[in-house]
Structure formats: C-alpha cells, structure tokens
Amino acid sequence: GSANQWANYGRGSFAWRASEEPFWPFKNTINDFKLRAAVGQAGNRPSFAQQYQTFNISNGSVSANTLGNVNLRPELSTEVELGFDAEILHKYGLTVTHALGIVSSELLQVPPPAASGFTNQWKNAGQLQNSTWEVSLNVPLIEKRDLQYSARFNFDQTKSEITGIAAGIAPFYYSGGESGASAMYYVAPGVPYGAIYGRQFVEQCSQLPTA
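Definitions and limits used
Residues numbered from 1 in each chain as written. Predicted model: local features only at pLDDT ≥ 70, side-chain atom pairs only at ≥ 80, totals over all residues. Heavy atoms only, no water. Core = buried A, V, L, I, M, F, W, Y, C linked by side-chain atoms within 4.5 Å. Buried < 20%, exposed > 50% of the residue type's maximum accessible area, 1.4 Å probe, protein only. Helix = DSSP H or I, 4+ residues; strand = E, 2+ residues; numbered from the N terminus. Contact = heavy atoms within 4.5 Å. Salt bridge = Lys/Arg side-chain N within 4 Å of Asp/Glu carboxyl O. Pairing = 2+ DSSP bridges. Phe/Tyr/Trp six-rings, centres within 6.5 Å; stacked < 30°, edge-to-face > 60°.

> Mind showing me how you'd approach the nonpolar core here?
For soluble globular proteins, nonpolar side chains are generally found buried alongside one another. Counting residues in hydrophobic clusters, the biggest one holds 10 residues: Val103, Leu108, Val110, Ala125, Leu128, Ile162, Ile165, Ile169, Phe172 and Val187. Where this core is concerned, the elements lending two or more residues are strand S6 (92-110), strand S7 (120-143) and strand S8 (148-165). Looking at which element gives the most residues to this core, the answer is S6, with three residues. Sequence-distant contacts of Leu108, defined by excluding residues within four places in its chain, comprise Gln121, Trp122, Lys123, Ala125, Gly126, Phe172 and Val187.

> Explain the pattern of salt bridges here, please?
Under the counting rule described, the total for this entry stands at four salt bridges. Between Arg17 and Asp32 there is a salt bridge whose closest N-O contact spans 2.9 Å. With Arg17 in strand S1 (residues 11-17) and Asp32 in strand S2 (residues 30-44), this pair connects stretches of sequence that are 15 residues apart. Residues joined by salt bridges that share partners form a network here, namely Lys34, Arg36, Glu81 and Asp85.

> How should the pairing of S8 be read in this particular structure?
A regular strand places its side chains on the two faces of the sheet in alternate fashion. Summarising the sheet, S7 and S8 pair through 17 bridges and their orientation is antiparallel. Directly across from Leu137, in S8, lies its bridge partner Phe153. Between S7 and S8, which pair antiparallel and follow one another directly, the connecting turn spans four residues. Relative to strand S11 (residues 191-192), S8 runs antiparallel, the two sharing two bridges. When the sheet's bridge partners are listed, Ile162 is paired in S11 with Val191.

> I tried to follow the packing of aromatic side chains on my own but got confused; where do I start?
Pairs of aromatic rings are described using the distance from one ring centre to the other and the angle between the two planes. In total, this model carries six aromatic pairs according to the counting rule given. For the pair Phe48 and Tyr52, a centre-to-centre distance of 5.3 Å together with 55 degrees between the ring planes defines the contact as tilted. Seen from their ring centres, Tyr173 and Tyr186 are 5.0 Å apart, and the 40 degrees between their planes marks the pair as tilted. In this pair, Tyr173 is assigned in strand S9 (residues 172-175) and Tyr186 in strand S10 (residues 183-187), connecting sequence segments 13 residues apart.

This is how it looks when you write it as structure tokens:
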C-alpha cells in the first residue's frame, strides 16, 4: 500500500566442520561431520489489487465487495534452520535438517465492520508457524571406476499452525477458493492451517435442502 513502500530483510549462516578438529573422537566411524545453522528473512508483498476498493456490478446495480487498505505491508517470513551433514564409514551420507518458520503480518481476507458496507478486506492480520523435518540417507550400492549406483531415502514432514490473529479480529471461516467450496476453513489461534470445521452432520434426507 501507499503507506508502506520500503522493507528491509537480513540473513546469516554458520557452519562448523567438527570432524576436522584434532579432538574429534569418531574418525573411524563418522569420518566427516558438519554442523550448520542459518537464519533468514524474506518478504511477500501484497498483490496490486489488494490495496484498492472493489465493487460488483450486476444487472446495472453496483454493490460493495472488497474494502481497500493503503496500510498493507509485506508478509514477513523468518526461518531458523539447524542441521548436520555426516559421512559414515567413508560410505553412507546422512543429512538431517530442522527448520522453524514464522510468517508474521500474514495477509488475510477478513470480514470488516458491517457498517463499512463491504463484505471483506485484506489485512496484515495473521501469524503462521511452520515446523519442518527433513532426513536424507544416501547409500552407495555399486562403486566402480566406470559405474556408480546409489539409492537415496528421504523423509519430509511439515506441520503448519495458526499461532495468532490481529487484535480486534474474531475467528472466522474462509472459502476454498477455486475448489468451489463454501466458507469451510477455520482461522483461529492454535488451529492447524487448513483445518476444516463442520457445523452439522447430515443424518437424514429431510435435513438436505429442498429442490
């Protein structure tokens, strides 16, 4: 938005090859071992249209749709990554990484006050936390002068959780977008991202909408 046109980001990393130290006690079993850590920030700027008011036109009548917001600022993503790389018995390669990412000032389409006359508004209203584990094991099967063949085993897991929404914004539902679903995803602190909350179980045909 016009009120936020600048943003600064930083990053840094550190690595220590512990196996190169003279006191390393596992030279025969873990011949190469490196610890690494990194922290970095990045921004995701709002789309051009999100700062402006939009209206719907149907059969010649105009209705309010999205309330504008000139105070929009980029989402801020901060990630801390810790891990190690190891070579075991001069043969097997093991990589383990844990990353914790926090997205603050998250852009959400929230319901504005009813007095505004608009149905939604983009705001920097959310905070999301992502926790990721990545494990990779490389196993060489054939090692010859003119032929090398290896297998790699990978494990990945990411869990995302909504850790906060801005003050003054009550928990709300949002739609599935292009999936055509109605407002079914629930936004509230402590809720996994993308959680679907149902309001009622349909148990009898009489509960279905009539023709």
